[in-house]
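Chain by chain, the residues run as shown.
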Amino acid sequence: AADISRDGTRLALLFRELPTHTWTLEPGESIVEALSRPACLSERPPGQQEALAFSDESEGYYMVPEGQDPKVYFVAPSQACPRYPPAQDLGAVVADSLEEVSGLALSGRDDGLLWAVNDSGNGEGRNFISAIDTAGQHIADLELPMTVNNDWEDLAIGPGPLVGENYLYVADIGDNDLARTDIAVHRFIEPRLANSGSLSSVQEVETFFFAYPNDTAHDAESLFVDPIRGDLYVVTRQRSGDTKTRVYRASPPFEDGTLMELDKVLDGDDNSDLNDIVGADLSRDGLHLALARRGGSALLYERSAEGPAFEALKYRGCRSVRTPGKQDSIALDAQGSGFFQLGEGASPHLFAVPAP
């Protein structure tokens, strides 16, 4: 079965065995062009579904199976590429230390706490993380001992060797000149925030080094860590001389000071949506994935716990409304359905995009 919405912006195809495929047509885009892109997938209701029709609001759709006395099912918009509301400007984060934010992550234990890092400081004075609350108030900065900010581009929350502890991963993966033979990721136990607003110090930082296959070099700005499998992902961005986005994976265990080769698992040929990615995040439960694009809307994906996280990126991501300003970071909220973005520049603005 198939249907197109009354306003011509939504298209759905129903398959015998596969999840339902839906597309949102971009302005001026033809149906043929839309169908050439990956689809957003939604789960099928029970029974042998044979009929489908969009609701008059053009958001969710109805499905009817075969058989006597069939039940009519409604698939809500949240299950079929929802439309995200506009970003809410939570105000400027006033802090001299936040000059060029490049990474953002929600605390693993506190729904009201975000961590941020700055972009490259040429090895001088920027080897720290910043704590801010989800209302946009700067709390404190914390230096990471024995680290250098060559080109920090992202950070993520994920598992580590101690069960029950949350770890922060800081990605030293930027390479504007495409000259680095290896990149580094720093890992440490997430600091604790006291009622006084002070942060516990970081006692130990592990550093892992990674090389791309065949000694190639890429500029990358995105990192996420899978809480289900422990895999670490690096997403490169497009540059002159390096025109394709690539997704690389490394699997644990990771050992301090060791060099590992990354495995390429996906690239722009697998999904044309993967262009100019500058930020990434995976939710606490590992079932929601977000990618931030330079100058464009964020892409949101749902992931099956049965397979590796990158499998979700083979399909079309649901698109949010574009957040104003230059955004290089993204952090999913505690539910994994909304997200935060913190802009670049002095006194950057914190934005929240609520769940649909």
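Being a predicted model, the structure only gives us computed values, none of them experimental.

**Q** I'd like to hear about the overall build of the protein, residue by residue, with values.
**A** Helix and strand counts for the protein stand at 1 helix and 28 strands. A compact globule built from 356 residues should have a C-alpha radius of gyration of about 21 Å, and the protein, at 21 Å, falls within 12% of that. Across its three principal axes, the protein shows a C-alpha extent of roughly 70 × 45 × 40 Å. By residue count, 52% of the 356 residues in the protein fall in the buried class. Carbon and sulfur atoms make up 48% of the accessible area of the protein, which amounts to about 15,300 Å² in all.

**Q** Describe the sheet that holds strand β27 (residues 339-342), naming the residues involved and giving the relevant values.
**A** Strand order in the open sheet formed by 4 strands is β8-β28-β27-β26, with antiparallel pairing between adjacent strands. Looking at which strands have only one partner, the edges of the open sheet turn out to be β8 (88-92) and β26 (331-332). With 3 bridges joining them, β8 and strand β28 (residues 349-353) adopt antiparallel strand pairing. Pairing of Q88 across the sheet is with A352, part of β28.

**Q** Break down the sheet that holds strand β17 (residues 220-225) for me, citing the residues and quoting the values.
**A** An order of β17-β18-β19-β21 is seen for the 4 strands of this open sheet, with the pairing classed as antiparallel. Two strands close off the open sheet at either side, each with one partner strand: β17 and β21 (263-267). Put simply, the sheet's adjacent strands are angled 25 degrees from each other on average, direction ignored. Relative to strand β18 (residues 232-236), β17 is paired through 5 bridges, and the arrangement is antiparallel. Each bridged residue has a counterpart across the sheet, and for A220 the counterpart in β18 is T236.

**Q** Could you give an account of the pattern of salt bridges, naming the residues involved and the relevant values?
**A** Applying the stated criterion across every chain yields a total of 18 salt bridges. Here D226 makes a salt bridge to R303, at a shortest N to O gap of 2.7 Å. In this pair, D226 sits in the loop between β17 and β18 while R303 sits in the loop between β24 (299-302) and β25 (318-319), placing the two residues 77 residues apart along the sequence. Judged by relative accessible area, which is 0%, D226 ranks as buried. Looking at R303, the relative accessible area reads 6%, which means it is buried. K264 is the partner of D267 in a salt bridge, and the nearest nitrogen-oxygen pair spans 3.1 Å. Here the salt bridges share partners, and the residues they tie into one network are E221, R237, D276, R294 and D328.

**Q** How would you sum up the pairing of strand β6 (residues 61-65)? Please name residues and give values.
**A** Residues of β6 alternate between two faces, with Y61, M63 and P65 buried on one and Y62 and V64 left unburied on the opposite face. Sheet topology note: the strand β5 (residues 49-54)/β6 ladder contains 5 bridges and is antiparallel. Bridging from a neighbouring strand, A51 pairs with V64 of β6.

**Q** Give a description of the packing of aromatic side chains that names residues and reports values.
**A** If you walk through the whole model with that rule in mind, you get 8 aromatic pairs. Ring centres of Y62 and F74 lie 5.0 Å apart, and the angle between their planes is 50 degrees; this geometry places the pair in the tilted category. Of this pair, Y62 sits in strand β6 while F74 sits in strand β7 (residues 73-75), and the two are 12 residues apart along the sequence. On the basis of relative accessible area, Y62 is assigned to the partly exposed category, the value being 40%. Since its relative accessible area comes to 43%, F74 is described here as partly exposed. Ring centres of Y233 and F310 lie 6.5 Å apart, and the angle between their planes is 50 degrees; this geometry places the pair in the tilted category. You can see Y233 sitting in strand β18 and its partner F310 sitting in the loop between β24 and β25, a full 77 residues away along the chain. The class for Y233 is buried, based on a relative accessible area of 0%. Exposure remark for F310: the relative accessible area of 9% places this residue in the buried category. Grouped by ring-pair contacts, the aromatic residues F208, F210 and F254 constitute a single cluster. A cation over a ring is seen here: R187 above Y167, with NZ or CZ 5.4 Å from the ring centre.

Criteria and cut-off values
Position numbers for residues count from 1 along each chain, tracking the sequence in the order it is written. Thresholds applied to this predicted model are a pLDDT of at least 70 for local features of residues and 80 or more for the giving and counting of side-chain atom pairs; totals over whole chains, interfaces and linings are not thresholded and use all residues. Calculated side-chain values reflect all of the structure's heavy atoms, with hydrogen atoms and water omitted. Helical segments are the DSSP runs of H or I of at least four residues, strand segments are the runs of E of at least two, and each set is numbered from the N terminus. The quantity called the radius of gyration is restricted to C-alpha atoms. Its globule counterpart is 2.2 Å times the number of residues to the power 0.38. With a 1.4 Å probe rolled over the protein chains alone, any residue whose accessible area is under 20% of its type maximum counts as buried; one over 50% counts as exposed, and the rest are partly exposed. Each accessible area is a Shrake-Rupley result for a 1.4 Å probe, and residues are judged covered by the shown protein chains and nothing else. Being paired, for any two strands, means DSSP has found at least two bridges between them. In this analysis an axis means a line fitted to C-alpha atoms, helices contributing only their contacting stretch, and an angle means the value between N-to-C directions, from 0 to 180 degrees. Salt bridge criterion: a side-chain nitrogen from Lys or Arg within 4 Å of a carboxyl oxygen from Asp or Glu. Stacked, tilted and edge-to-face pairs are distinguished by plane angle, under 30 degrees for stacked and over 60 for edge-to-face with tilted covering the rest, among Phe, Tyr and Trp rings (Trp via its six-membered ring) whose centres lie within 6.5 Å. Any Lys NZ or Arg CZ found within 6 Å of a ring centre and within 35 degrees of that ring's normal is scored as a charge over the ring.

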